[in-house]
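Here are the chains, one letter per residue:
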Amino acid sequence: MAGSMRGVYTNLTEIRRNVFREVAKVCYAMGDDPSKTDSDIDDAFDELPFKILPGDVATYRESVFLERAIIGERIRLAMGLPLQGVERPARISDGFKEAETADLAYYEPPLINVIKFACNSCKDNVYEVTNACQGCLAHPCREICPKNAISFVDKRAFIDQGACIHCGMCAKTCPYQAIHHHVRPCAAACGMNAIGSDDHGRADIDYEKCVSCGQCLVNCPFGAIADKSQIAQVIWAIHSGQEVIAAVAPSFVGQFGGKGNVGKLREAFKLLGFSGVEEVALGADLCAMQEAEDFLEEVPDKLPFMGTSCCPAWSVMAKREFPEHANCVSMALTPMTLTARMIRAQHPNAKIVFVGPCAAKKLEAMRRSVRSEVDFVLTFEEMAGMMDARDIDYLSLEDDNKSDFDVASTDGRNFAVAGGVANAVVNAIHRRYPDRVVNVVNAEGLDECRKMMKDAVKGKYPGYLIEGMACPGGCVAGAGTLVAINKSTAAVKRYAKKSPHLNATENSYRMLLPMLEKGFTKEDEDLEVAESREAQEPKR
């Protein structure tokens, strides 16, 4: 993978967060002032590009009109609406009223979108000679080229792009490293090789391959890729008077500032209109116990190895590309779903909002085969936009001093960090069988996950527990995070150590696990790949 922009606060970061904030402001204003008419709301959305980018001088691109057109598309995606393009005159708010009336719980596919006129049409898989070329006497680049695509013009190497087969031998051989391999940044970040070029050289996503990990959208230097949000739907649910409960992923620690003060977080969510907050780390404990049980029962007698299930992007990739070994990926429900089912058992009519780092969780929540019980999914970045819209300063809030009877274990909270899932499962196994040897291997990033899976299929990891994480670093590196990966990792580990429980088996909800897993069958699991593809395909 090429150099990543993760953890670097850029102009694009600011634009994304400004869009989330301003969309949330308008949505909150709709509920705060019932006298507002549809026309008022339409006008408010249409004015947002001018509010976000005031003045008549372009800041980032050649034209302020282009900048505002791109912002307009980002606003629509943040509202959960499809892209419009520039082929016809249209208002930003077109379709918004219909979406509100329909009470859409999920987005209209696809989730990940390329704003075509924002794309820089970056060169992809092209080798070019740079100014570092010294026109050396040896000419090793010319001599090694299998297609005679390199000649010398004005004492500098020149590559005939029509003859070049992109083998890279010239770049490897050049003693001055003067030949550069151009790779589209979004394509380099995509572990599924799902990004190519359209007829105009702009990025194009193959939704047959895409698993919605979101790494492309945070690695595009031009901000041309964005996913759809459910900010509007969540705020509508809050303003309708419904009970709305947030289920917060283990990687939340430090995302909004501070060192993981849950009391402050509950207070912030209360000010946003949420009825309550639960840690998904509780569901992580149950997931670890279920996977431990499955491992003990099936490996190695029934299965040659077992993969973890909590990362939906990794899980779908493994099942899609290795269908003969799809059953080797654990059938345990994910922490998000298990936590949502726990909440639903006590609050049957509530709207449940998963708040986390992951774009792929939006895809998982849409699955019909296994009812996730999750009504909406928001990323930390989207949630920060809601906080900004309400002028909530997380660090200045008072701790609500609420003492929870049950808290997640250290292992459950560490699910957010690469290696944490496998460690939790192994510790759960050792609680029952202290002398059982459990070999573990883990991979971060879909490219590495694919290599690990290939090795496992070839028999390199007999009887192993294998952990896959689509995002390098684990969930703390998800597309919707706010904090640098190293800082978030450290914050999660510090917070995890504060738990009075070390191991998942100490979770007091463990007796509920059979009930929460009820209704989950092999037939349901087989539908996951098909549904993930269907949930991304644009409507024709």
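Preceding this section is the structure that the text describes.
Residues numbered from 1 in each chain as written. Predicted model: local features only at pLDDT ≥ 70, side-chain atom pairs only at ≥ 80, totals over all residues. Heavy atoms only, no water.

S.K.: Residues and numbers for the environment of Gly385, please.
M.R.: Relative to the assigned elements, Gly385 resides in helix H15 (residues 380-389). Considering only alpha carbons, one finds Gly385 and Ala24, 361 residues apart in sequence, at a separation of 6.8 Å. With sequence-adjacent residues up to four places away left out, Gly385 is seen in contact with Phe20, Arg21 and Ala24. (Helix = DSSP H or I, 4+ residues; strand = E, 2+ residues; numbered from the N terminus. Contact = heavy atoms within 4.5 Å.)

S.K.: Mind laying out the side chain of Arg344, listing which residues take part and the relevant values?
M.R.: Positionally, Arg344 belongs in helix H13 (residues 335-346). When its relative accessible area of 15% is taken as the criterion, Arg344 is described as buried. Residues in contact with Arg344, not counting those within four places in the same chain, are Asn349, Ala350, Ile352, Glu373 and Asp375. (Buried < 20%, exposed > 50% of the residue type's maximum accessible area, 1.4 Å probe, protein only.)

S.K.: Which residues make up the sheet that holds strand S12 (residues 351-356), and what values go with them?
M.R.: The strands making up a sheet associate through hydrogen bonds between their backbones, and the pairing can be parallel or antiparallel. Taken together, the 4 strands give an open sheet; going across it, the order is S10-S9-S12-S13, and neighbouring strands pair in parallel fashion. The open sheet has two edge strands, strand S10 (276-279) and strand S13 (376-379), and neither has a second partner. Each neighbouring strand pair of the sheet contributes to a mean axis angle of 25°, computed without reference to strand direction. As paired elements, S12 and S13 share 4 bridges and run parallel to each other. Residue pairing across strands places Phe354 opposite Val377, the latter belonging to S13. Sitting on the sheet, H13 touches strand S9 (244-248), S10 and S12, and the angle it makes with S12 is about 150°. (Pairing = 2+ DSSP bridges. Axes fitted to C-alpha atoms, helices over the stretch in contact; angles between N-to-C directions.)

S.K.: How would you sum up the layout of surface pockets? Please name residues and give values.
M.R.: Estimated volume of the second largest pocket: approximately 310 Å³. Elements represented by at least two residues in the lining of the second largest pocket include exactly helix H2 (38-52) and helix H3 (64-78). The dominant element in the lining of the second largest pocket, judged by the number of residues it contributes, is H3, at 6 residues. Its residues assigned to classes, the lining of the second largest pocket shows 9 nonpolar, 3 polar and 6 charged. (1 Å grid on protein atoms, 1.4 Å probe; cavity = no way out; pocket = protein on both sides within 12 Å on 5 of 7 lines; lining within 4 Å. Points joined across faces, edges and corners; volume = space filled by probe spheres on them. Nonpolar A, V, L, I, M, F, W, Y, C, P; charged D, E, K, R; others polar.)

Bear in mind that shape data such as this cannot, by itself, settle questions of function.
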